[in-house]
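# Architecture at a glance
Single-letter residue listing:
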Amino acid sequence: MPKAAAPIDVITLEDTKECAQKLLEAARTLGFVYITLKDTNITTENVSEMFKIAQEFFASPESEKANCAISADNKGWSGMFSETLDPTNQKRGDFKQAMNFGEFTASGEPQQPITPTLSPHIPTIANFSSLCAALSRRLLRLFAQALEISPSVGGTEYFTPSHTSTNGPSGSIMRLLFYPASPPDYNPTTDLRAGAHSDYGSITLLFQHKNETGLEILSPQGGWSPVPVVPEAICVNIGDLLSYWTGGLLRSTVHRVVVPTDENGELSKSERYSMAYFCHPVDSTPLEAIPSEIVRARGERGANDSERKVMTAAEHLKSRLAATYGWKS
């Protein structure tokens, strides 16, 4: 019997108190929510163009992609099995390829090696990354509104300076993802397209290609629930850092990507493409207690813990990357 789909809300963004409350409720219960492209700054054309670029890049020769292999700054290409997001339960690494773009300069130039296939598309990728950053700040303004942060300490703009690239470098990443069709020796018990994990940053914007399913979340009741693909919508989820920063009020939900099965239980033979924008604060941002009575009510948890050393955003990210790639922080 097919698993029941996760009950993820679909919201049309409005800069209103009502919308802010809907987002907060979704973030504190499931940690996942869909927002429709309607009334955002991102168009279906923007998304389609990026998927075309992704398909062209992943079809390029392995030798070309290897020239910009991922490094300790989390930028570059990672090949099949190079990530193991759930080492306890995976016998092999993730069945995927990925290309991570860090922040671009003010003039739209990359700050990392780029392949010949990608080079002509850099203006498009830089623009899309910028659109995602702006949308992330809009979502964070709505969260600040819902948390009732006083105007005297920033109000709805509380998170804006810490998520603005002109204020310093950050771990924000625009990521293209390709999951090839499963090979004959694929074992759904121990093999995964992306192992169980939670995201590291503030929020993630996920763009899914057509009806290419496979994303699952770990439900609060236990067990895995498939995430349906909603046309012309962005899947938004809370990351570990924002959950920590809000004393665990906002839920960073564990999720994974599997090879889906059909109604007969047969593994799909289809490929999957997706794109994710991982929004992080500026590296030097201190993760101090948020001045919100709603967050303070969480008690001495996460960033509310007055006896814990105040981490910076960069320190938080380094510890998470070290666990994923085996890099020393």
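Structure first, text after, so check above.
Here goes a summary of the coordinates provided. (Residues numbered from 1 in each chain as written. Predicted model: local features only at pLDDT ≥ 70, side-chain atom pairs only at ≥ 80, totals over all residues. Heavy atoms only, no water.)

## Re helix α2 (residues 44–58)
Here is the rule we go by: Each helix is a run of H or I in the DSSP string that is no shorter than four residues. Each strand is a run of E no shorter than two, and both are numbered from the N terminus. To estimate the expected span of a helix, count its residues, drop one, and scale the result by 1.5 Å. Partly exposed describes any residue whose relative accessible area lies between the buried limit of under 20% and the exposed limit of over 50%, with all areas from a 1.4 Å probe on protein chains only and scaled to the type maximum. Note that the arc is defined by the directions from the helix axis to the C-beta atoms.
Over its 15 residues, α2 runs 21 Å from end to end, which matches the ideal 21 Å to within 8%, given 1.5 Å per residue. Taken as a whole, α2 has its buried residues at Asn46, Val47, Met50, Phe51, Ile53, Ala54, Phe57 and Phe58. Axial view of α2: buried residues confined to an arc of 160 degrees, hence all on one face. Of the exposed residues in α2, the ones pointing more than 90 degrees away from its buried face are Glu45 and Lys52.

## Examining the nonpolar core
This is how the line gets drawn: We define the nonpolar core as a collection of buried residues of types Ala, Val, Leu, Ile, Met, Phe, Trp, Tyr and Cys that are connected through side-chain atoms lying within 4.5 Å of one another.
Leu23, Ile42 and Phe207 are the most contacted members of the largest nonpolar core, which has 66 residues in total. Among the nonpolar cores identified, the runner-up in size contains 23 residues, and Leu85, Tyr200, Leu215 and Leu317 belong to it.

## Topic: helix α1 (residues 17–29)
Since one α-helical turn is 3.6 residues long, residues separated by three or four positions face the same way. Here is the rule we go by: Contacts: residue pairs with any heavy atoms within 4.5 Å of one another.
Under the 1.5 Å per step criterion, the end-to-end length of α1 is 18 Å for 13 residues, consistent within 8% with the ideal 18 Å. Taken together, the buried positions of α1 are Cys19, Ala20, Leu23, Leu24, Ala26 and Ala27. One side of α1 carries all its buried residues, which in axial view fall inside an arc of 165 degrees. In α1, the exposed residues that point more than 90 degrees away from the buried face are Lys17, Glu18 and Lys22. Looking at the buried side of α1, the elements it contacts are β1 (10–11), β2 (32–36), α4 (122–146) and β10 (233–238). Phi turns positive one or two residues past the end of α1, at Gly31, with a value near 80 degrees.

## Focus: the pairing of β10
Counted only if it meets this: Think of it this way: DSSP has to see at least two bridges between two strands before they count as a pair.
For β10, the buried fraction is high: six of the six residues fall into the buried class. As paired strands, β2 and β10 are joined by five bridges and run antiparallel to one another. Bridge pairing links Thr36 to Ala233 in β10. Relative to β10, strand β7 (residues 203–208) runs antiparallel, the two sharing four bridges. Of the residues in β10, the one forming a bridge with Ile203 is Ile238.

## Brief notes about the side chain of Asn100
With respect to the helices and strands, Asn100 occurs in strand β4 (residues 97–101). Looking at Asn100, the relative accessible area reads 2%, which means it is buried. Here Asn100 is in contact with Ile70, Asn74, Lys75, Gly76, Gln112, Ile173, Met174 and Arg175, once residues within four sequence places are set aside.

## Description of the packing of α1 against α4
Defined as follows: For helices, the fitted line uses only the C-alpha atoms of the stretch in contact; every axis is such a line through C-alpha atoms, and the angle between N-to-C directions lies from 0 to 180 degrees. Geometric relationships in this document are graded by angle, where less than 35 degrees denotes roughly parallel, more than 145 denotes roughly antiparallel, 65 to 115 denotes roughly perpendicular, and other angles denote oblique. The nonpolar class holds Ala, Val, Leu, Ile, Met, Phe, Trp, Tyr, Cys and Pro. Asp, Glu, Lys and Arg form the charged class, and all remaining residues, Gly among them, are polar.
For the pair α1 and α4, the least separation of the axes is 8 Å and the interaxial angle reads 90 degrees. One element, α1, and the other, α4, form an angle in the roughly perpendicular class. Every residue of α4 that contacts α1 at Lys17, Cys19, Ala20, Gln21, Leu23, Leu24 and Ala27 is listed here: Leu139, Leu142, Phe143, Gln145 and Ala146. Looking at the contact of α1 with α4 residue by residue, the class counts come to nine nonpolar, two polar and one charged.

## Looking at the environment of Pro120
Structurally, Pro120 is set in the loop between β4 and α4. Spatially, the C-alpha atoms of Pro120 and Ile53 are 9.9 Å apart, while their sequence positions differ by 67 residues.

## Observations concerning the pattern of salt bridges
Put simply, the test is: Criterion for a salt bridge: a side-chain nitrogen of Lys or Arg within 4 Å of a carboxyl oxygen of Asp or Glu.
For the structure on display, the rule yields 13 salt bridges. For the salt bridge of Asp185 with Arg92, the shortest nitrogen-to-oxygen distance reads 3.1 Å. With Asp185 in the loop between β5 (173–179) and β6 (194–197) and Arg92 in the loop between β3 (76–78) and β4, this pair connects stretches of sequence that are 93 residues apart. Its relative accessible area of 47% is what places Asp185 among the partly exposed residues. One salt-bridge network, in which partners are shared between bridges, spans Glu83, Asp94, Lys96 and Arg175.

## Concerning the sheet that holds β6
Within a sheet, each strand pairs with its neighbour through backbone hydrogen bonds, oriented either parallel or antiparallel. Here four strands make up an open sheet; going across it, the order is β6-β11-β8-β9 and the pairing antiparallel. Two strands in the sheet have a free side with no partner beyond their single neighbour: β6 and β9 (224–226). Mean inter-strand twist for the sheet, computed between neighbouring axes without regard to direction, equals 20 degrees.

## Overview of the packing of aromatic side chains
We apply this condition: Think of it this way: a Phe, Tyr or Trp ring, Trp meaning its six-membered ring, pairs with another when their centres are within 6.5 Å, and the plane angle makes it stacked under 30 degrees, edge-to-face over 60, tilted otherwise.
Summed over the entire model, instances satisfying the criterion amount to nine aromatic pairs. Arranged with centres 6.3 Å apart and planes meeting at 25 degrees, the rings of Phe101 and Phe104 form a pair that is stacked. Side by side, Phe101 and Phe104 carry an identical accessibility label, which is buried. Cluster of aromatic residues (ring-pair linked, three or more members): Phe57, Phe58, Phe178 and Tyr273.

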